[in-house]
Amino acid sequence: MTEELDFGQLEDELVKNDISVGKVADNPESYASIFPKTILEKFEIYSYRSAVAVLYQSFPEQFKELISALEKFYITKKMIRIPGGSKGPIAKYVDTLLDKEKWVETRISADLVVKLHHAHTNEIVTEYVREGYLDGHRIDFVSGRVAFDLEWNSKDQTYDRDLYAFSAFHEAGAIDVGVLLTRGTSLDNKFFKSLGKVLDKNGEKEGTADVYKKFGASTTWMGKLLYRLDAGRNGGCPVLAIGITPKCVIDDSAP
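All residue numbers refer to positions counted from 1 along the written sequence of the respective chain. Reporting of local features is limited, given that this is a predicted model, to residues whose pLDDT is at least 70; pairs of side-chain atoms are given and counted only at 80 or more, and all residues count toward the totals for whole chains, interfaces and linings. Hydrogens and waters are ignored; side-chain quantities use all the structure's heavy atoms.

### A closer look at the confidence of the model for the protein chain
- Of the residues in the protein chain, 92% have a pLDDT of 70 or more, and the chain-wide mean is 90.
- Counting contacts from residues 1-12, a segment whose pLDDT is below 50, to residues more than four positions away or on other chains yields two contacts. Confidence scores per residue from the predictor, reported as pLDDT, run from 0 to 100. Residue contacts follow a heavy-atom distance rule, with two residues in contact if any of their heavy atoms lie within 4.5 Å.

### Description of the pairing of strand E1 (residues 43-48)
- Burial classification: accessible surface area is computed with a 1.4 Å probe over protein chains only, and a residue below 20% of its type maximum counts as buried, one above 50% as exposed, and the rest as partly exposed. Each helix is a run of H or I in the DSSP string that is no shorter than four residues. Each strand is a run of E no shorter than two, and both are numbered from the N terminus. Of all six residues that make up E1, five are buried, and the element is covered over most of its length.
- In this analysis, strands are considered paired if DSSP registers two or more bridges between them. Relative to strand E9 (residues 239-244), E1 is paired through six bridges, and the arrangement is antiparallel. What sits directly across from Phe43, in E9, is Ile244.

### Examining the pairing of strand E5 (residues 146-151)
- With six of six residues buried, E5 lies mostly within the body of the structure.
- Residues Val146, Phe148 and Leu150 of E5 are buried on one face, and the alternating residues Ala147, Asp149 and Glu151, pointing to the opposite face, are buried as well.
- Between the end of strand E4 (residues 124-143) and the start of E5, which pair antiparallel, lie two residues, with Gly144 showing a positive phi angle near 60°.
- Taken together, the six bridges between E5 and strand E6 (residues 177-183) define a ladder with parallel strand orientation. Directly across from Leu150, in E6, lies its bridge partner Leu181.
- By convention, orient the strands away from the viewer: a clockwise path from the first strand over the helix to the second makes the crossover right-handed. As for the winding sense of the linkage, the β-α-β connection from E5 through helix H7 (residues 158-171) to E6 is right-handed.

### As for helix H9 (residues 222-230)
- Of all nine residues in H9, nine are buried, a share of seventy percent or more.
- Of all the positions in H9, only Met222, Gly223, Lys224, Leu225, Leu226, Tyr227, Arg228, Leu229 and Asp230 are classed as buried.

### Quick word on empty space enclosed by the protein
- For each structure, a 1 Å grid was placed over the protein atoms alone; sets of points admitting a 1.4 Å probe that cannot get out are labelled cavities, open sets with protein on both sides within 12 Å along at least five of seven lines are labelled pockets, and lining residues have an atom within 4 Å of a point. Grid points are joined across faces, edges and corners, and a volume is the space filled by probe spheres set on the points. In the structure shown here, the tally under the stated rule is two cavities of 30 Å³ or more.
- Roughly 70 Å³ of internal volume is contained in the largest cavity.
- Surrounding the largest cavity, Leu66, Ala69, Leu70, Phe73, Val94, Leu97, Leu98, Phe148 and Leu181 form its lining.
- Element by element, the count of residues in the lining of the largest cavity is highest for helix H4 (residues 60-72), at three residues.
- Empty space within the second largest cavity amounts to approximately 40 Å³.
- Considering the residues around the second largest cavity, the lining is formed by Phe35, Leu55, Phe63, Leu66, Ile67, Leu70, Val179, Leu240 and Ile242.
- Elements with a contribution of two residues or more to the lining of the second largest cavity: H4 and E9.
- Sort the elements by how many residues they give to the lining of the second largest cavity and H4 lands first, with four residues.

### A closer look at the side chain of Lys42
- Positionally, Lys42 belongs in helix H2 (residues 37-42).
- Under the rule applied, a polar contact is a pair of N or O atoms within 3.5 Å (in protein, one hydrogen donor and one hydrogen acceptor; residues adjacent in sequence only if both atoms are side-chain atoms). Polar side-chain contacts of Lys42 include one of 2.8 Å to the backbone oxygen of Phe73.
- With residues near it in sequence (within four places) discarded, Lys42 still touches Leu70, Glu71, Phe73, Tyr74, Gly243, Thr245, Lys247 and Cys248.

### Looking at the sheet that holds E9
- Pairing is mixed in the open sheet, where six strands are placed in the order E1-E9-E6-E5-E4-E3. The two strands at the open ends of the sheet, each matched to only one other strand, are E1 and strand E3 (104-117). Neighbour-to-neighbour, the strand axes of this sheet turn through a mean angle of 25°, independent of strand direction.
- The strands touched by H7 within the sheet are E3, E4, E5, E6 and E9, with E4 carrying the most contacts at an inclination of about 125°. Working convention: axes come from line fits to C-alpha atoms, limited for helices to the stretch in contact. Angles between N-to-C directions cover 0 to 180 degrees.

### Observations regarding the packing of aromatic side chains
- Two rings belonging to Phe, Tyr or Trp (six-membered ring only in the last case) form a pair when the distance between their centres is within 6.5 Å. Interplanar angles under 30 degrees mark stacking, angles over 60 mark edge-to-face geometry, and anything in between is tilted. Across all of its chains, the model carries nine aromatic pairs by this definition.
- For the ring pair Tyr31 and Phe35, a centre distance of 6.1 Å and an interplane angle of 80° mean the geometry is edge-to-face. Of the two residues, Tyr31 and Phe35, both sit in the buried class.
- Note on Phe73 and Tyr93: the rings are 5.8 Å apart at their centroids and 45° apart in plane angle, and the pair reads as tilted. Linking Phe73 in the loop between H4 and strand E2 (75-76) with Tyr93 in helix H6 (residues 89-95), this pair joins segments that are 20 residues apart in sequence.
- For Tyr93, a relative accessible area of 19% corresponds to the buried category.
- By way of ring pairs, the aromatic residues Tyr31, Phe35, Tyr56 and Phe63 are connected into one cluster.
- Of note, Arg183 hangs over the ring of Trp152, and the distance from its end group to the ring centre comes to 6.0 Å.
- Working rule: Lys NZ or Arg CZ, within 6 Å of ring centre, within 35 degrees of ring normal, means a charge sits over the ring. When the ring centre of Tyr212 is taken as origin, the NZ or CZ atom of Lys193, which lies over that ring, is 5.0 Å away.

Pasting the structure below:
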């Protein structure tokens, strides 16, 4: 007799490992018709705080450009097997998919002007500037009021930095929505084990280490991102999470 699945136990296991399945994400039926069928087949899509609606209705130009980039998005097995370093082949490839004149790496800084008023006369009692109130938060691509970032294979704590940046930009009124492209759940150990050994940085010689060992459970993949989004670490910023699946991966000889 097959043992019944204890969903409560499963939930506890997910939380213990800081993993989620998007339990507070928007209903996918609310936005499925917005995306081309090719996009829905290639990627995992999760929308938080009506991110898809904000992007589609308020920023049609940026939405069209992102859809165009995603339709063109294909990575090779060789690109996955090459070590990443500070900026690996996949990150460099994504740089080529968006117009650099429109989508710009952006850093935010802001000073806070504080005024204390008399409760009855409205006279300013004290006024001061808190310098560097916001400083140093960066987003890889910003176009208008839309932010876009890629996380392929970093430590999963990198998501906290990304979501905090989205939140800081949003609270300052600099962006209205953030988009994060990352590894989907279906790019799992089974898939990476099928790729064999790693290559050197030039992609010419095969090493001795297994590819799958580069992609541990504590690296950036959708389950780790959804856990943070479910916990509200994006603040009030709507976020569209897009997961790369094996359908985005082609053989090295493919055009």
